[in-house]
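Fold and contact review
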Amino acid sequence: MHGVKRRRSLLDRPYALASPLLLVMALFFVGPLILTIIVSFWEYTQYSIEPAFVTTNYQDVFYQCVAKLPNLCVTFATYLSTLKFCFIVWAITLVLGFTLAWFIVFEVKKTSTQIALFLICTIPFWTSNVIRMMAWIPLLGRNGLVNQVLMSMGIVSEPQEWLLYSDFAVILAFIHLYTMFMMVPIVNSMMRIDREIIEAARDAGAGIWTIALSVIAPLCRPGIVIGSIFVITIVMGDYITVGVMGGQQIASVGKTIQVQMQYLQFPIAAANAVVLLGAVLMIIFAMTRLVDVRREL
């Protein structure tokens, strides 16, 4: 009897209930991360990879940057390019996600209609990212639909090359792929807002912009921060979208790591991955300082 009670008391403890998830996290997240850090200190040549503890891989990442100061080196230029995409996509997806969430939550009255519209927004996610990206190519290409419409309307006299395989195409694909990641947490936060708060703001004479920026946005901070973390982390490490929509001509940190892995340069690729992880963690840390997500949720 005492043995049964003891087993039950052990199962009732929080760490016992969380142990399966902790085991999965250790096997599939912590373990590979530790292995990546270890490999980043290995030594490699054109013909071999040797287990060791050297810092030459990190020196190779930053040495040319120090040597070329005050000019930008390839590493810093690549990070600036990635951060540029990250900031632009984050800003646009935030505006779009907030607007769509506002419409679904506050403008649509019936719950069934809200669910239907939300499901419509998720339909593109039933296909792979590559297929959704490839769908833009016949639209934005030199002989694509967009160029044909622009020329037929007399807006342009010749096909516009910048529509495809450019920064514009990469940003457009990012927005198409990841707006949903921003919208879902914001919808979740907006659903918890008491409608009487909005009515009180309207009775006090507040306009739509005042309500959105001074009432709704502060109450949606947890959703905005969570959605921002999703978008930023995905965009910072994305290399498929940059490669396909950029025509393999646009640099990004994820693309650099992917090329290094193709050439079997695993130690330098691991070092770049660790540096990228550090940069992403600093961004996330700065964002979580704005709001205590755990307490707000």
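In the nomenclature of an unreviewed UniProt entry, the chain corresponds to ABC transporter permease from the organism Acuticoccus sediminis. Recorded under Subcellular location (unreviewed entry), the UniProt text for the chain is reproduced unchanged: "Cell membrane". Listed under Sequence similarities (unreviewed entry) in UniProt, the entry text for the chain is "Belongs to the binding-protein-dependent transport system permease family. CysTW subfamily."

Our focus in this paragraph is the UniProt feature "transmembrane region" (unreviewed entry) in the chain. Those places that UniProt annotates as "transmembrane region" (unreviewed entry) correspond, in this numbering, to residues 21-42, 87-108, 115-137, 168-188 and 266-287. Helix and strand shares over residues 87-108 are 95% and 0% respectively, and the end C-alpha atoms of the span are 30 Å apart. The span residues 115-137 is 65% helical and 0% strand by assignment, and the distance between its end C-alpha atoms comes to 31 Å.

Where helix α4 (residues 74-107) contacts helix α12 (residues 221-237), the two axes come as close as 9 Å, and the packing angle between them is 145 degrees. Judged by the twist between their axes, the crossing of α4 over α12 is right-handed. Judged by residue contacts, Thr82, Leu83, Phe85, Cys86, Val89, Trp90, Thr93 and Leu94 of α4 engage Ile224, Ser228, Val231, Ile232, Val235 and Met236 from α12. Here the contact of α4 with α12 is built from residues that sort into 11 nonpolar, 3 polar and no charged.

Let us look at the side chain of Asn57. By secondary structure assignment, the location of Asn57 is in helix α3 (residues 56-68). Residue Asn57 is classed as buried on the basis of its relative accessible area of 1%. In this structure the side chain of Asn57 is engaged in a polar contact, spanning 2.7 Å, whose partner is the backbone oxygen of Trp42.

A separate point is helix α9 (residues 167-190). The end-to-end C-alpha distance of α9, which contains 24 residues, comes to 33 Å, matching closely the 34 Å that a straight helix rising 1.5 Å per residue would cover. Maximum bend of α9: about 45 degrees, positioned at Tyr178. Among the 24 residues that make up α9, 17 are buried, leaving the element largely enclosed by the rest of the structure.

What follows concerns the layout of surface pockets. Put simply, the largest pocket is a space of about 480 Å³. Along the wall of the largest pocket there are 18 residues; nearest its centre are Leu33, Ala273, Val274, Leu276 and Leu277. Every element with two or more residues in the lining of the largest pocket is listed here: α2 (14-39), α12, α14 (253-262) and α15 (266-290). Here the lining of the largest pocket gets 7 residues from one element, more than from any other, and that element is α15. Among the residues forming the lining of the largest pocket, the class breakdown is 13 nonpolar, 5 polar and no charged. Taken as a whole, the second largest pocket spans an internal volume of roughly 370 Å³. Together, Leu94, Val95, Phe98, Thr99, Trp102, Ile208, Trp209, Ala212, Leu213, Ala217 and Ile224 line the second largest pocket. Elements that contribute at least two residues to the lining of the second largest pocket include exactly α4 and α11 (208-219). Within the lining of the second largest pocket, the residues separate by chemical class into 10 nonpolar, 1 polar and no charged.

Attention shifts here to the environment of Val130. Among the secondary structure elements, Val130 is positioned in helix α6 (residues 129-134). Judged by its relative accessible area of 39%, Val130 falls in the partly exposed class. Taking the C-alpha atoms as reference points, Val130 and Leu177, separated by 47 residues in sequence, lie 9.9 Å from one another.

What counts and what doesn't
Residues numbered from 1 in each chain as written. Predicted model: local features only at pLDDT ≥ 70, side-chain atom pairs only at ≥ 80, totals over all residues. Heavy atoms only, no water. UniProt positions renumbered as here; feature names shortened; annotations may be inferred. Helix = DSSP H or I, 4+ residues; strand = E, 2+ residues; numbered from the N terminus. Axes fitted to C-alpha atoms, helices over the stretch in contact; angles between N-to-C directions. Left-handed = near helix turned anticlockwise from the far one by under 90°. Contact = heavy atoms within 4.5 Å. Nonpolar A, V, L, I, M, F, W, Y, C, P; charged D, E, K, R; others polar. Buried < 20%, exposed > 50% of the residue type's maximum accessible area, 1.4 Å probe, protein only. Polar contact = N/O pair within 3.5 Å; in protein donor to acceptor, adjacent residues only side chain to side chain. Expected span 1.5 Å × (residues − 1). Bend = angle between axes of the 7 residues up to and from the residue. 1 Å grid on protein atoms, 1.4 Å probe; cavity = no way out; pocket = protein on both sides within 12 Å on 5 of 7 lines; lining within 4 Å. Points joined across faces, edges and corners; volume = space filled by probe spheres on them.

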